[in-house]
Amino acid sequence: MPDRSKIVSRVAGVIWVGLLTALLGVWPLFYGTSSGSWLEHASYDSLHRLSTDAMPLNAMNAPVVLVYLDPATYRAAGLDPLRPWPRQVHAQLVRRLTEAGARAVAFDILFAGPGPDPEADRDLAGAIRESGCVVLAGEYDIKSSHLAEGDNATGARSRSWSPPFGPFAEAAAGWGLAVIRIDDDLVVRRHFAGLVSESKPSLAHAVAKQIGVKHTSELTAEWMRYYGPALSLPHVSYAEALSSDALPAGFFRDKIVFIGARSSEGSFDQPRDEFRSPFHSWGRKEFFMPGVEVHATQLLNLLRQDGLHRGSRGVELVVLAGIGLGLAASLMWLRPVWATAGALAAVVVAMVGSMMAFRAGTWFPWLLVGLVQAPTAWGGSVLFQSVEWYRARRQLEAERRIAQERIREQAALIDAAHDAILVQTIDGAVTYANPSAERLFGRSLAELREHSAVQDLFSPQPDLAARARAVALKDGDWNGELLLRAASGAILIASSRWTLIRDGCGQPKALLLVNRDVSEQKALEAQFLRTQRMNTIGALAAGMAHDLNNALAPVLMGVQILRRNAVDDESRRMLQMIEDSTHRGAGMVRQVLHFARGGAASAETVDLAGLVRELEHLVRDTFPHGIKLETFLPPDLRPVRGRPTELHQILLNLAVNARDAMPAGGRLTFAADNVELSAEEAAAIPGGRPGRFVSLMVSDTGTGMTPEVRARLFEAFFTTKAEGAGTGIGLSTVQRIVKSHEGFVRVESEPGQGSTFEVFLPVATETEAAPRSDSLAGLPRGQGERILVADDELAIRELLVDGLTAEGYCVLAAPNVAVALQLLQDQGSEIRLLITGNSMPGMDGPSLVREARKLRSGLPVILSGADSAASSEENTRLLPKPFSLDELLLAVAQALGKTTHPT
């Protein structure tokens, strides 16, 4: 294998192993348990065990002391461990701690209701009140009173809490939720600040607040830092705390005392408030950490401001991915021994770096690097080196076999190649032609050996062929496109490569010609470019039609207003002429929009006569005047079921082909009729079938077609037009659309006699009801209803204001969205209707409607636009531009719930 190939292979191996290492490193971050992966938990725990800072605190210097309700105290007092501790004893302890100068007292014991002895309750309430620094625990009912991973202040679907017993809560300095966020392995690793949205702090945060520690909501995302294994915090038993001489003087002075239950020594099926410690070990006696010690540890984190942080998920993903790629990039270049040393060094660096970050207050899941990424990169390196060794050994054997089989394989490959391969001598004689060359050029090897056949082959471009030969003989290679002639006379476009072949002495021996037929590819490329131009023209036409509609709207309304006020017949006649011309212009614009929009539409009942009339106007306005147009439409033409846009495209394609077939002018005929084909008549038409149809015929007096052209008429990209004059997809599109409408086409044409295309479309079986036409006469006048008109075009806005004002409406005008919304905010209750454009600067019409209905719910809206077609907004009417004044008044009356009446 060449050195370059080895480097490429090594780089590919680095990439694959790097991606695998990076993926395995970040995989546990996404697919661990609900509270995190095992490696994340193990990383957190191991950093505590490896850190020398996590040592038990000195009992005299620590700010927190724990008082345990331990089993030994229960036995010494002769009490049942399964029954609550007498509350008068709690009162005695509170007074003892108050006298000892405790800074605060926190009970991790739930006093949810009254005890069996009311006098004991009053005694405890009095002790709590006298102390003034007692914080009690409130009950939180969710998942066995603990937060599992994913529960937070706002995320729990159902939760309930209850404060301590009323007299106790009133006497206490505060209370907090006795809830702890635990992971799936029963280790508490995260702080729980409480339910922030309900202002219910946790027990530790309630104590911090009581003693004046400043803490923010950001601390709720911090991780806990433990100061040692279970029972590492200074602690005494309940009996020792009550005794005046069992502890040194001043033991409780200025201390925060947490009171709760210690891990029991009973069986595991007894309910206990205890959790695993990150320092847990199967060799330790104290395996579980009491819940009260967890609360105290959280408070210590707040007091010392040394809670742990963890980088964001995105940062960890980037770091782990970078480490994985870096390990692969470094270890893949090393021999196995050095790769092993490098992997071990990477594990040590990850561990030491994570320990340093841990001491600084940040922890990182370093075991993902140490136990996953480093071994994966090391394994990839060893595997790759082994494969390289095996490959090098096999390479020598493969090269010998390749040398023996190369000639035979090359011959077989040349024979099987799809490219046309020729071998020419220096003199130009063909000595070899593969089967593909014989098929492509239509000549056998014996024929190609003749000099005349070679000349005919390169006859379309003999100068370029000679130049290719000269360049190949000089430089050893030539690449380019070359026109070649087949035996049938067809001209082929070939991507040709000429390569000089030398003999053993390095002297020119022959030329190898490899030719690939790219004729169809070139045709497709040219067709693609023409299609792109057509799409661009369509988009441009749609934009122009949009602007023309907006321009025609004020003209149409203004003319109608002037015509109503005109006093003489001549003015009315002139204004009527202008209005008719405006309608005609609007119709032409609709035709352009109809063509430019295209797209699939749902089938509907279509009146072909209307489509033919629309196309008739378009043809008269756009086709050369030398083409005379005739139209024959019966008054009882039946409707068909189809998509108007596609049917319009059929007519337009046939009309354009007819126009191109009459360059010097002629007669173009549109005709339609109701027909019923018998079985014999249908059999004479390709694809025909008997039944009731509407016949749509387009006939011209142009050049006509030969039988050969008619045979390929509906082939995609087949055209007889000059280069750049036709796409070759018009008639194939016609046939596709007709078939999708369950119809068929008959073609009649003779050279010099013109052509006739007759499209048969099945008659609609169900005729949709004609749309109801509301009377435009007798519209009720306005009664001072307040209407808001929002349009950025001054002419349309002023005409709307004038027309509506003249009909008795009170109109407010807004030139932009901001003014419209301000008017709605100021006078929303008085505005009965909003009229706005479908497209306005800064915010389109539908967005304005949604904002307006936030200020005025259920406000009726008329949405006008040059291309308005549908709306999902309730109580919204669409008024396509351009619209007449009568259409506007009718829409306003309908929107306001007015009924029309004949005059």
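Let us look at the structure shown here. (Residues numbered from 1 in each chain as written. Predicted model: local features only at pLDDT ≥ 70, side-chain atom pairs only at ≥ 80, totals over all residues. Heavy atoms only, no water.)

**Comments concerning the packing of aromatic side chains**
The description of an aromatic ring pair uses the distance of the two centres, along with the angle that the planes make with each other. As enumerated under the stated definition, the model contains 14 aromatic pairs in all. Taken together, a centroid distance of 6.4 Å and an interplanar angle of 85 degrees make the contact between Phe693 and Phe760 edge-to-face. Note that Phe693 is positioned in strand E23 (residues 691-700) and Phe760 in strand E25 (residues 755-762), a separation of 67 residues in sequence. For Phe693, a relative accessible area of 2% puts it in the buried group. Note on Phe760: relative accessible area 1%, which makes it buried. Linked through ring pairs, Phe107, Phe111, Phe165 and Phe168 together constitute an aromatic cluster. (Phe/Tyr/Trp six-rings, centres within 6.5 Å; stacked < 30°, edge-to-face > 60°. Helix = DSSP H or I, 4+ residues; strand = E, 2+ residues; numbered from the N terminus. Buried < 20%, exposed > 50% of the residue type's maximum accessible area, 1.4 Å probe, protein only.)

**Here we look at unusual backbone geometry**
Across residues other than glycine, the phi torsion is negative in most instances, and most of the peptide bonds are trans. Here the phi dihedral of Gln305 falls at roughly 50 degrees; this positive angle occurs in a residue that is not glycine. Backbone geometry at Glu742 places phi at a positive 65 degrees, although glycine is not the residue there. Position of Glu742 among the secondary structure elements: in the loop between helix H23 (730-740) and strand E24 (744-749). Accessibility expressed as a relative area gives 52% for Glu742, which makes it exposed.

**Quick look at the nonpolar core**
Counting residues in each nonpolar core, the largest one holds 39 residues, and the members touching the most others are Leu668 and Phe670. Other than its neighbours up to four places away in sequence, Leu668 contacts Val619, Phe623, Ile627, Lys628, Leu629, Glu630, Ala658, Met662, Val698 and Ser699. Grouped together as the second largest cluster of nonpolar side chains are 35 residues, Leu47, Val188, Trp223 and Leu327 included. (Core = buried A, V, L, I, M, F, W, Y, C linked by side-chain atoms within 4.5 Å. Contact = heavy atoms within 4.5 Å.)

**Concerning the packing of helix H4 (residues 87-99) against helix H5 (residues 118-131)**
Viewed as axis vectors pointing N to C, H4 and H5 meet at an angle of 15 degrees, and their least axial separation amounts to 8 Å. The angle between H4 and H5 falls in the class roughly parallel. Of the two elements, H4 crosses H5, and the hand of that crossing is left-handed. Only Ala120, Asp121, Asp123, Leu124, Gly126, Ala127, Ile128, Glu130 and Ser131 of H5 make contact with H4, whose side of the interface consists of Arg87, Gln88, His90, Ala91, Val94, Arg95 and Thr98. When the residues that make up the contact of H4 with H5 are grouped by side-chain class, the tally is six nonpolar, five polar and five charged. (Axes fitted to C-alpha atoms, helices over the stretch in contact; angles between N-to-C directions. Parallel < 35°, antiparallel > 145°, perpendicular 65-115°, else oblique. Left-handed = near helix turned anticlockwise from the far one by under 90°. Nonpolar A, V, L, I, M, F, W, Y, C, P; charged D, E, K, R; others polar.)

**Notes on the sheet that holds strand E30 (residues 876-880)**
Across the sheet, which stays open at both edges, the five strands sit in the order E27-E26-E28-E29-E30 with parallel pairing between neighbours. Both edges of this open sheet fall to strand E27 (810-814) and E30, since each of them pairs with a single strand only. Shown here is a sheet whose adjacent strand axes are inclined to one another by a mean of 20 degrees, direction ignored. For strand E26 (residues 786-790) and strand E28 (residues 831-837), the ladder comprises five bridges, and the chain directions are parallel. Directly across from Leu788, in E28, lies its bridge partner Leu834. Contacts from helix H27 (residues 885-895) reach E26, E28, strand E29 (861-865) and E30, with the element oriented near 175 degrees to E30. (Pairing = 2+ DSSP bridges.)

**Remarks on the sheet that holds E24**
Spatially, E20-E22-E23-E25-E24 is the arrangement adopted by the five strands of the open sheet, whose pairing is mixed. Only two strands of the sheet have a single neighbouring strand rather than two, namely strand E20 (627-632) and E24. Between one strand and the next, the sheet's axes are offset by a mean angle of 15 degrees, whatever the strand orientation. Relative to E25, E23 runs antiparallel, the two sharing eight bridges. Paired with Val694 across the strands is Leu761, a residue of E25. Along the sheet, helix H19 (residues 608-622) makes contact with E20, strand E22 (666-677), E23 and E25, crossing E20 at roughly 165 degrees. The sheet strands contacting helix H20 (residues 644-660) are E20, E22, E23 and E25, and the helix crosses E23 at an angle near 30 degrees.

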